[in-house]
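# Remarks on the overall topology
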Amino acid sequence: MSRLAEAASIAGTTQPKKIPKILFGNFPDCVGTFCGWRAAAGPLRSSFRTGGTKAAGTEWGRNMGLRVVLLASVAVGLEGGLAYAQDSGSYTTELPPVEVTVPKSGVKPTRQRSAERVVRPAVTRLRVYPTTPISTPSTALPVDEVASSINFVDSGQIQRTYSLNVTDALQQAVPAVNVSEVSGNPFQPNLEFRGYVSSPVSGTPQGLAVYQNGVRINEAFGDTVNWDLIPTSAIKSVAVVTNNPAYGLNALGGAVTVQMKDGFSYHGAEIDMMGGSYGRLQGSAQWGKQVDQFATYVALEGLHDDGFRNFTSSDIRRFYSDVGYRSENAEFHLNIGAADNKLGAPATTPIELLNNFWGATYTTPQRDDNQVAYANLTGKV
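Let us look at the structure shown here. (Residues numbered from 1 in each chain as written. Predicted model: local features only at pLDDT ≥ 70, side-chain atom pairs only at ≥ 80, totals over all residues. Heavy atoms only, no water.)

### Some details on the pattern of salt bridges
Stated formally: Salt bridge, as applied in this entry: a Lys or Arg side-chain nitrogen positioned within 4 Å of an Asp or Glu carboxyl oxygen. Categorising residues by exposure relies on relative accessible area from a 1.4 Å probe, with only protein chains included: less than 20% of the type maximum marks a residue as buried, more than 50% marks it as exposed, and the intermediate range marks it as partly exposed.
For the coordinates displayed, the defined rule picks out nine salt bridges. Note that Arg216 is salt-bridged to Asp223, the shortest N-O span being 3.8 Å. The exposure class assigned to Arg216 is partly exposed, which follows from its relative accessible area of 28%. Between Lys342 and Asp340 there is a salt bridge, with its nearest N and O atoms 3.5 Å apart. Under the relative-accessibility criterion, Lys342 is labelled partly exposed at 32%.

Spelled out as structure tokens, the structure:
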């Protein structure tokens, strides 16, 4: 009898049984042709939310019901057969690769080696800060040489908001940024940065300049900014810079520089579809490809939303494309964009009327029809 058994018999207990070992096998990371495809289905979200109904005279949360948001996202890469969609961030410069070889020893080895050991070069990306509206990764300053706050929002942060409004990503990622809906439509917000405003409402004192690919998009009259005309899925990155005279007029509080995607930075294809309550249905598609020194990129967006208030439906249609050429000494880009948006703008409503029904509007009809078409040619030598 073992010592453990003797101790167990003296204590009046039984010897504990051994726990059997469970062996786990190796499972494959992918099966069949699914190795080359990527499909992601968003979570099915259900949540209760207090809100008003369309029937007048009811309270805010009495007949709200269940709000269900269905999210489905499918990303398929088509580069070189089946590949993932790849997107590199903006305002990043790639340092030249460093190749390291083993030095030859002075002592002759016992056997002849056929090849030298070479370490695979790694590409290092260094984030830089734009100092002018037309700054490129090669002309911008390193972040450690800028005596101000650094505020960046890349395409990944924008995609995580599941919104076709870029201001939602800025509000979540950039400190001191606030968003309000003075016009009553979520696609025409006021963007405030440290007290300075960039608004689509005429008469608002504008204190922020907005640039898209180096082109100022503040309107000629009133310096207003129509955020609904910017194709969100085609944005590579957004930088919020502090006061800088190089950004021109109405940049007392700073500037917002938007860099768009191109075929050199985005490879593959992606389709996103989302739907939800109040008649919300939106989708976007983008595709980019590079062939030698030429590259092209195309993006489409569409949205319909009935809105939770009366007469606040929104319809958005946006298009963006870029054709580029790049060589060792020069780079040229031709980008073309268009948008046709119809937005309900109920504006402000007296609090006495809202106490009876939160979906009420004071005056109607009030609607904004925004249309734009542009072509931009940029180049550097």
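### A closer look at the pairing of strand 15 (residues 254–260)
The test is simple: Each helix is a run of DSSP H or I of at least 4 residues and each strand a run of E of at least 2, with the numbering of both proceeding from the N terminus. Paired strands, in this sense, are two strands between which DSSP finds at least two bridges.
Counting buried positions along strand 15 yields seven of seven residues, so the element is predominantly enclosed. The two faces of strand 15 match: Gly254, Val256, Val258 and Met260 on one face and Ala255, Thr257 and Gln259 on the other face are all buried. Judged from the five bridges that link them, strand 12 (residues 208–212) and strand 15 form a sheet pairing that is parallel. Bridged to Tyr211 within strand 15 is Thr257. When strand 14 (residues 235–241) meets strand 15, the two strands line up antiparallel, connected through six bridges.

### Things to note about the environment of Pro205
Locating Pro205 in the fold gives a position in the loop between strand 11 (196–198) and strand 12. For Pro205, a relative accessible area of 68% gives the class exposed.

### Some points on the packing of aromatic side chains
For any pair of aromatic rings, geometry is given as the distance between the ring centres together with the angle between the planes. The cut-off we apply is this: Aromatic pairs are defined between Phe, Tyr and Trp rings, using the six-membered ring for Trp, whenever the two ring centres lie within 6.5 Å; interplanar angles under 30 degrees are classed as stacked, those over 60 as edge-to-face, and all others as tilted.
Counted according to the given criterion, the structure contains four aromatic pairs. With centroids separated by 5.6 Å and ring planes inclined at 80 degrees, the aromatic side chains of Tyr266 and Tyr297 adopt a geometry described as edge-to-face. Note that Tyr266 is positioned in strand 16 (residues 266–276) and Tyr297 in strand 18 (residues 294–305), a separation of 31 residues in sequence. Residue Tyr266 shares its accessibility class with Tyr297, and that shared class is buried. Geometrically, the ring pair formed by Phe294 and Tyr325 is tilted, given 5.1 Å between the ring centres and 50 degrees between the ring planes. Of the two residues, Phe294 sits in strand 18 while Tyr325 sits in strand 19 (residues 314–326), which places them 31 residues apart along the sequence.

### Focus: unusual backbone geometry
Positive phi, normally seen in glycine, also occurs at Tyr162, with a value near 55 degrees. Despite not being glycine, Arg194 has its phi angle at roughly 55 degrees, a positive value. Mapped onto the secondary structure, Arg194 falls in the loop between strand 10 (190–193) and strand 11. By relative accessible area, which is 48% here, Arg194 ends up partly exposed.

### Examining the nonpolar core
When a protein is soluble and globular, its nonpolar side chains tend to lie buried together. To be explicit about the condition: We call a set of buried Ala, Val, Leu, Ile, Met, Phe, Trp, Tyr and Cys residues a nonpolar core when their side-chain atoms join them within 4.5 Å.
By size, the foremost hydrophobic cluster in this structure holds 25 residues, and its most contacted members are Leu170, Ile235 and Val238. Residue assignment for this core shows that the elements contributing at least two residues are helix 3 (166–173), strand 10, strand 12, strand 14, strand 15 and strand 18. In this structure, Val241, Tyr247, Ala251 and Ala255 belong to the second largest nonpolar core, which totals six residues.

### Details of the sheet that holds strand 9 (residues 177–180)
Just so we agree on the cut-off: Inter-axis angles, ranging from 0 to 180 degrees, are taken between N-to-C directions of lines fitted to C-alpha atoms, where helices are fitted over the stretch in contact.
Judged by pairing direction, the sheet is antiparallel, and its three strands sit side by side in the order 9-10-11 without closing on themselves. The two strands at the open ends of the sheet, each matched to only one other strand, are strand 9 and strand 11. Shown here is a sheet whose adjacent strand axes are inclined to one another by a mean of 25 degrees, direction ignored. Both strand 10 and strand 11 contribute to a ladder of three bridges, which runs antiparallel. The residue of strand 11 that forms the bridge with Glu192 is Val197.

### Some remarks on helix 3
Using the following cut-off: Here the arc refers to the set of directions running from the helix axis out to each C-beta atom.
Those residues of helix 3 that fall on the buried side of the exposure criterion are Val166, Thr167, Ala169 and Leu170. Looking down the long axis of helix 3, one finds its buried residues gathered within 155 degrees of arc, a one-sided arrangement.

### Looking at the side chain of Arg309
We apply this condition: As used throughout, the charge tally considers Lys and Arg to be positive and Asp and Glu to be negative, leaving His and the chain termini uncounted. N or O atoms within 3.5 Å of each other form a polar contact, as long as, within protein, one can give a hydrogen and the other can take it, and as long as residues adjacent in sequence are counted only when both atoms are side-chain atoms.
Positionally, Arg309 belongs in the loop between strand 18 and strand 19. Nearest to the buried, unbridged Arg309 among oppositely charged side chains is Glu181, at 7.2 Å. A polar side-chain atom of Arg309 sits 3.0 Å from the main-chain carbonyl oxygen of Ala360.

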